[in-house]
Amino acid sequence: MDIQRIMRAALASSLFVLPTFGFAQAILTVTNFETSATYTLEELLAMPQTTVVTKNDFVEDLTTFQGPSLRSVLNDIDVDRTANLKMVALNDYASKVPASDAFTYDVILAVLRDGEVMSVRDKGPIWVIYPMDDNSELQREIFNSRLVWQLKSISVE
Amino acid sequence: MHRSRLTRAVFLTLFVGAVFFGIWLIYKLGNEIQNIQTADQTPPLWLGSQLPLELLRLQNNLNEVAFGYKPAADVVLHFDIAWSRINVLQEGKLPQILANLEIDQGVLTDLEAIFTTLEPQIQGLTASSMTDEVRRQKTMTILAALEGFDVPLKKFLLAIARADNNARVEFRTGILSLSHAIAYLGATILTLFGIFVFLLMIELRAAKNTENEMRKLAQDATSASRMNMNFMSVVSHELRTPLTSILGGLALLNVRIRKTSTDESTIKLLDIASRNGDRLLMLVNDILDAQALSDGRVSTERNPVNLNEIVATAVENCNVYAEQLGVAYCVTTENEKLVALTDSARVTQVLFNLLSNAAKFTSSGDVVKVNVRRNKQMARIEIIDKGIGISAEQQDNVFSPFHQINPGISSGIKSSGLGLSITKQLMDLLGGEIGVSSNEGEGSMFWIELDLVPAEHDSRKFSPVLLISGSN
């Protein structure tokens, strides 16, 4: 009886905790037609991290960005390198990005800026970062528009 | 000629001008490209217009929360997003660009100040303990605080739109002038090419004209000299007939006078007359020979001849003339026969010319040396005098027609100046070589060389012929 009660309590508490935990923490949805994946900040931090040290038009100085590479996220759901991606921000701003960028350059989904988590006020929680300092051809306006901040979802078009 | 030079100068100036214009265009093109690249790298100004939009959304959400249509958490999110828009405009390159465009950023700092004061109230909205009524009142307060930003934000937006538009116009102008510059550059390159081709054509035509002129001049010169020679030849022919009669008559008269008269002065006068007649005849013959050679009317026959014998004959022929001048010949030959396949009469003529020349330039009582020797496969005949010699610069011209080295000094006998020229032409005709080496004041050495017939041939085949020529 005791065990049953404990089990029931555990189930009830898990039912209570899990959805709120999942709802609160999933910050990124990646969709490839039928398949999709969601990531929490912790999951993104647990993935192999790529560090990009670069400057761009929206930061003052050389900044260290860290996060999983866009490539690894796309590979998780088998996105073809010729695909076109639609990146959507928290305010529903959308930007079209060719998936090939992710395979050509070390484009990252930065979750840490100078070692710290980014708040929404500070372009967080996810900021798409191109290694612009390492590749001068990326220092153009068209790539500026691909530096999507407050990233919410990525979907294949 | 003057006009073409002028055209060339004009086109050359044009060419240089076009080159400089092209360089200037390329420089300008570089600048334009730089401008466009800079414009391309500038972060977009429309980012500024996102702020009023997000503020509107925030206000909208506040209203909806006030009436309970949406959870309070949405307000917090949109508050953060709106705040992030203020931050975007205050970080990186954008504030500098806004400052450069003289856009008033005061509204941003004002808004940030309001946001800072509103932050605790907004966070407070999410408190679960709050009743709907309180929440509505609070949201109304917040909305009231956010009012009054409409006008300055609109102004801000307008300023940004205007600046953005200006930037676009500038960019478009840049592209336009870039395309103009490219078009001008293309036209310049075409012009350069055209001028180049034109200059080339002018040069070609000038070169052609010059060539034609030169050819005409050369033709004129040739025909003039031919006419000259023809005239001389006709005159010489006409002269020779009466001259022969005069000389014949003089010879007969000489014989007769010597028999009947002992008057020394008469005999002397006759001698002078016949000597000058002889010289005149020699002159006339030289002219005719030279004419025949230059017309190619002289033919040669090739027979094996013993050059030793030819030299002996030529020396013998010349002896009479040399004795008159008090000059003797000293001939040195080799023991072996020197057989050449050549024209004996022409070789004799050549040797006669050289021998008489040498005698002419040798002072009385002196000796002219004649050496005949083998020089590998050639026979070399050298005639060495101790005359006045020939200076180095004159040695080059000695074989050209009408060339004379003041021969009057030593002998008082003048020549046509054709002798050596005829000799040279004869040697060319025979396929031999002729040359001179001389030191001025010490004498000269004239030499000729003729190919020898290989030894085994001449002993068997040609000896009978040699016998015949020897019996001549």
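Everything that follows concerns the structure shown earlier in this document.
Our subject in this report is the structure included herewith. (Residues numbered from 1 in each chain as written. Chains lettered and ligands numbered in written order. Predicted model: local features only at pLDDT ≥ 70, side-chain atom pairs only at ≥ 80, totals over all residues. Heavy atoms only, no water.)

1. Section: the packing of helix α2 (residues 50–66) of chain B against helix α6 (residues 132–146) of chain B
Residue and element names in this part refer to chain B. Viewed as axis vectors pointing N to C, α2 and α6 meet at an angle of 160°, and their least axial separation amounts to 9 Å. Classed by the angle they form, the pair α2 and α6 counts as roughly antiparallel. In the crossing of α2 with α6, the sense of the turn from one axis to the other is left-handed. Residue-level inspection shows L55, L58, Q59, L62, N63, V65 and A66 of α2 in contact with α6, the latter providing R135, R136, T139, M140, I142, L143 and L146. (Axes fitted to C-alpha atoms, helices over the stretch in contact; angles between N-to-C directions. Helix = DSSP H or I, 4+ residues; strand = E, 2+ residues; numbered from the N terminus. Parallel < 35°, antiparallel > 145°, perpendicular 65-115°, else oblique. Left-handed = near helix turned anticlockwise from the far one by under 90°. Contact = heavy atoms within 4.5 Å.)

2. Points about the interface of chain A and chain B
Of the residues lining the interface, 18 residues belong to chain A; the matching set on chain B comes to 27 residues. A combined buried area of about 2000 Å² lies between chain A and chain B, and 48% of that area is made up of carbon and sulfur atoms. The largest contributions to the chain A side of the interface with chain B come from D57, N91 and R121 of chain A, which together make up 38% of the buried area. Between chain A and chain B we count four salt bridges in total. Run the count over chain A and chain B and you get nine residue pairs in polar contact (both at pLDDT 80 or more). Looking at the side of chain A that touches chain B residue by residue, the class counts come to six nonpolar, four polar and eight charged. (Buried area = accessible area lost by both parts, 1.4 Å probe. Salt bridge = Lys/Arg side-chain N within 4 Å of Asp/Glu carboxyl O. Polar contact = N/O pair within 3.5 Å; in protein donor to acceptor, adjacent residues only side chain to side chain. Nonpolar A, V, L, I, M, F, W, Y, C, P; charged D, E, K, R; others polar.)

3. Considering unusual backbone geometry
Residue and element names in this part refer to chain A. The peptide bond linking G124 to P125 adopts the cis configuration, its omega dihedral lying at 0°. Counting through the fold element by element, P125 comes out in the loop between β9 (116–117) and β10 (127–129). One non-glycine residue, D78, lies in positive phi territory at about 55°. Judged by relative accessible area, which is 64%, D78 ranks as exposed. (Buried < 20%, exposed > 50% of the residue type's maximum accessible area, 1.4 Å probe, protein only.)

4. Topic: empty space enclosed by the protein
In the structure shown here, the tally under the stated rule is one cavity of 30 Å³ or more. Within this model, the largest cavity holds a volume of roughly 120 Å³. Looking at the largest cavity, it is lined by twelve residues, and the ones nearest its centre are Y93, L147 and W149 of chain A together with W46 and L47 of chain B. When the residues that make up the lining of the largest cavity are grouped by side-chain class, the tally is eight nonpolar, three polar and one charged. (1 Å grid on protein atoms, 1.4 Å probe; cavity = no way out; pocket = protein on both sides within 12 Å on 5 of 7 lines; lining within 4 Å. Points joined across faces, edges and corners; volume = space filled by probe spheres on them.)

5. Describing a nonpolar patch on the surface
Residue and element names in this part refer to chain B. A contiguous nonpolar surface patch, about 490 Å² in accessible area, is contributed by F193, F196, V197, L200 and M201. Relative to the assigned elements, F196 resides in helix α7 (residues 150–260). Given the relative accessible area of 44%, F196 is considered partly exposed. (Patch = residues over 30% accessible without salt bridge, like charges linked within 9 Å, V, L, I, M, F, W, Y side chains within 5 Å. Areas by Shrake-Rupley, 256 points an atom, 1.4 Å probe, with all protein chains shown as cover.)

6. Some points on the sheet that holds β9 of chain A
All names here are of chain A. Strand order in the open sheet made by the four strands is β3-β4-β8-β9, with antiparallel pairing throughout. The sheet is open, and its two edges are formed by β3 (49–54) and β9, each paired on a single side. Bridging between strand β8 (residues 112–113) and β9 involves two bridges; their strand directions are antiparallel. Residue pairing in the sheet places L112 in a bridge with V117 of β9. (Pairing = 2+ DSSP bridges.)

7. Focus on the pattern of salt bridges
Within the structure shown, the criterion is met by 19 salt bridges over all chains. E54 of chain B is the salt-bridge partner of R57 of chain B, the closest N and O atoms lying 3.0 Å from each other. Of the two residues, R57 of chain B and E54 of chain B both sit in helix α2, three residues apart, roughly one turn of that helix. Judged by its relative accessible area of 30%, R57 of chain B falls in the partly exposed class. The salt bridge partner of E133 of chain B is R136 of chain B, with a shortest N-O separation of 3.6 Å. Here the residue E133 of chain B and the residue R136 of chain B both occupy positions in helix α6, the gap between them amounting to three residues, near one helical turn. A residue is classified by how much of its surface remains accessible, and E133 of chain B, at 45% relative accessible area, is partly exposed. Connected through salt bridges with shared partners, the residues R113, D122 and K123 of chain A together with E91 of chain B form a single ionic network.

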